[in-house]
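# Structural overview
Below, each chain spelled out in residue letters.
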Amino acid sequence: MKYTITVLKGDGIGPEITDQALAVLKAAGDKYGISFELREELMGGCAIDEYGIPLPEVTLKACKESDAVLLGAVGGPKWEELPRSKTPEAGLLGIRAGLGLYANLRPAVIYEALRDASPLKSEIIGDKIDILVVRELTGGIYFGERGRSDTGTENESAYDTERYSVAEIERIAAIAFEAASKRSGIVTSVDKANVLESSKLWREVVIRKAREYPNIVLNHLYVDNAAMQLVRNPRQFDVILTSNMFGDILSDEASMITGSIGMLPSASLGNGALGLYEPIHGSAPDIAGMNKANPIAAILSTAMMLRYSFKQYAAADAIEDAVRRVLEKGYRTADIASAGNTVTETSEMGELVVREVLLKQ
Ligand code: IPM
Ligand code: MG
């Protein structure tokens, strides 16, 4: 099998982690008879420098023509002062919307070897934490009407709008219910229905949609309570279903429970097989180019790509197992290291995972 992948390395640590992810993907491909045609394009700050805009037409076109997109990270201080529609972040939102990727899956799993890296006490972690955040990705306040009035006067004000349609809520709820049916069967829908009208509709539609999934247990939490429950008793969660902004916030929190935001991959999916895969962390400009960043989130993003877009389950498992074995052997990048670990650089971590993939029986 051969798949076409558009690679958007992006800014900051994006290129160095993506290089390691690609090396691991190639190793898994060699092992399982899968080949990849890679097409590199610019998106984010690097595209602003080259084309003056964060998401050039040629980049979006390349993504649309490929089987999957692998993204590093975008943004950095150099581009922070630009008008909002010209920022690297606007490029990322443009690509999500442009490809119709409304469902963002962010798994937060604690690796046994990394228990000590979690800021939570061992008794709170219990035997395992395995949460899947299902975040709506192309609607809500990120894409609602916004603006300013009385600019430059004493009365200046600004607004953003949270708006969700029944159809948007139904399709993301379906993704969460489907995912839960292959996991522990519990969906916790997170909203702010005690205050927001958009959340009231969210809750109504989720409850209605749940009738199609009689085997799923559906719970509801207000977002403030959910943020608290995530650190108080994270084991109660299986699938968390939530809106674009709440999902942005809660997935960072869930990631930290696992030890480091440098560990978490994500998949952004729409109705077809095309997906965009990226670490949930940012571009970390402070350590860019220093070969210090943790490439594991990027590496695990390629496993999600193999699983969700290509249905190459054995290769996906091989990558995830390889990461687990490298961690078990005590290798850590600086962000997840504690006493007694062997601290590795970005490239060395990638090489270790490649070796484990190739060694797998
Ligand atoms: C994320 C990021 C993005 C988001 C930013 C960079 C626009 O924080 O993917 O979680 O808010 O969606
Ligand atoms: Mg975020």
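Residues numbered from 1 in each chain as written. Chains lettered and ligands numbered in written order. Predicted model: local features only at pLDDT ≥ 70, side-chain atom pairs only at ≥ 80, totals over all residues. Heavy atoms only, no water.

This next bit is on the site of ligand 1. By nearness alone, every residue bordering ligand 1 is listed as Glu89, Leu92, Arg96, Arg106, Arg135, Tyr142 and Asp248. In this structure, Arg96 approaches ligand 1 through a side-chain N or O atom, which is 2.7 Å from an oxygen atom. Interatomic distance of 2.8 Å between a side-chain N/O atom of Arg106 and an oxygen atom of ligand 1. Protein contact buries 77% of the 320 Å² of open area that ligand 1 shows by itself. Per element, the largest residue contribution to the shell around ligand 1 is three residues, and it comes from helix H4 (residues 88-98). Residues that form the shell around ligand 1 fall into these classes: two nonpolar, no polar and five charged. (Near = heavy atom within 4 Å. Polar contact = N/O pair within 3.5 Å; in protein donor to acceptor, adjacent residues only side chain to side chain. Areas by Shrake-Rupley, 256 points an atom, 1.4 Å probe, with all protein chains shown as cover. Helix = DSSP H or I, 4+ residues; strand = E, 2+ residues; numbered from the N terminus. Nonpolar A, V, L, I, M, F, W, Y, C, P; charged D, E, K, R; others polar.)

On to the packing of helix H11 (residues 313-328) against helix H12 (residues 346-359). Orientation of H11 relative to H12, taken along the N-to-C sense of each, is 120 degrees, at an axis distance of 8 Å. In this view, H11 runs oblique relative to H12, as classed from their interaxial angle. In this structure, H11 crosses over H12, and the sense of that crossing is right-handed. Each of Ala318, Ile319, Ala322, Val323, Arg325 and Val326 in H11 lies in contact with H12, whose residues at this interface are Met349, Leu352, Val353, Glu356 and Val357. Looking at the contact of H11 with H12 residue by residue, the classes come out as nine nonpolar, no polar and two charged. (Axes fitted to C-alpha atoms, helices over the stretch in contact; angles between N-to-C directions. Parallel < 35°, antiparallel > 145°, perpendicular 65-115°, else oblique. Left-handed = near helix turned anticlockwise from the far one by under 90°. Contact = heavy atoms within 4.5 Å.)

All chains considered together, the criterion is met by 24 salt bridges. A salt bridge links Glu37 to Lys2, with the nearest nitrogen and oxygen atoms 3.7 Å apart. Of this pair, Glu37 sits in strand E2 (residues 35-40) while Lys2 sits in strand E1 (residues 2-10), placing them 35 residues apart in sequence. Residue class for Glu37 comes out partly exposed when judged on its relative accessible area of 43%. Classification of Lys2 by relative accessible area gives exposed; the value is 52%. For Lys26, the salt bridge is made with Asp30, and the minimal N-O distance between the two is 3.1 Å. With a gap of four residues between them, Lys26 and Asp30 both fall in helix H1 (residues 14-32), about one helical turn apart. (Salt bridge = Lys/Arg side-chain N within 4 Å of Asp/Glu carboxyl O. Buried < 20%, exposed > 50% of the residue type's maximum accessible area, 1.4 Å probe, protein only.)

This part is about the environment of Ala47. Note that Ala47 resides in helix H2 (residues 45-51). Overall, the relative accessible area of 0% leaves Ala47 in the buried class. Along the sequence, Ala47 and Ser165 sit 118 residues apart, while their C-alpha atoms lie 33 Å from each other.

This part covers a nonpolar patch on the surface. Nonpolar side chains collect at one region of the surface, where Tyr51, Ile53 and Val58 lie side by side and expose about 240 Å² of accessible area between them. Here Ile53 lies in the loop between H2 and helix H3 (57-65). (Patch = residues over 30% accessible without salt bridge, like charges linked within 9 Å, V, L, I, M, F, W, Y side chains within 5 Å.)

This next bit is on the domain arrangement of the protein chain. The domain boundaries assigned to the protein chain delineate domain 1 (1-103 + 261-361) and domain 2 (119-257). Here the C-alpha centroids of domain 1 and domain 2 sit 24 Å apart. Every contact between the two is made by 11 residues of domain 1 and, on the other side, 13 residues of domain 2. Of the roughly 1,200 Å² buried at the junction of domain 1 and domain 2 (both faces included), carbon and sulfur atoms supply 69%. The tally of links between domain 1 and domain 2 comes to zero salt bridges. On inspection of domain 1 and its partner domain 2, the count reaches one residue pair in polar contact (both at pLDDT 80 or more). Per-element accounting of the side of domain 1 that touches domain 2 gives the leading share, three residues, to H4. (Domains from an automatic or database assignment. Buried area = accessible area lost by both parts, 1.4 Å probe.)

The next subject is helix H10 (residues 296-308). Here H10 contains 13 residues, and its C-alpha end-to-end distance of 18 Å stays within 8% of the 18 Å for a straight helix at 1.5 Å per residue. Burial analysis of H10 places 11 of its 13 residues in the buried class, the great majority of the element. The set of residues buried in H10 consists of Ile296, Ala297, Ala298, Ile299, Leu300, Ser301, Thr302, Ala303, Met304, Met305 and Leu306. (Expected span 1.5 Å × (residues − 1).)

So, about the packing of H1 against H12. Taken N-terminus to C-terminus, the directions of H1 and H12 make an angle of 10 degrees; their axes are 9 Å apart at the nearest point. By the angle between their directions, the pair H1 and H12 is classed as roughly parallel. Touching Glu16, Ile17, Gln20, Ala23, Val24, Ala27, Ala28 and Lys31 of H1 are Thr346, Ser347, Gly350, Glu351, Val353, Val354, Val357, Leu358 and Leu359, all from H12.

Moving on, we get to the nonpolar core. Counting 87 residues, the largest nonpolar core has Leu241, Leu306 and Val353 as its most contacted members. Residues within four places of Leu241 in sequence aside, it is in contact with Val134, Ile172, Ala173, Ala176, Val187, Thr188, Ser189, Val190, Trp202 and Val206. With 14 residues, the next largest nonpolar core counts Met43, Leu92, Leu99 and Leu276 among its residues. (Core = buried A, V, L, I, M, F, W, Y, C linked by side-chain atoms within 4.5 Å.)

It is worth spelling out unusual backbone geometry at this point. With a phi close to 40 degrees, Ala284 is a non-glycine residue in the positive phi region. Exposure remark for Ala284: the relative accessible area of 23% places this residue in the partly exposed category. Despite not being glycine, Lys311 shows a phi value in the positive range, around 55 degrees. Looking at the element boundaries, Lys311 is found in the loop between H10 and H11.

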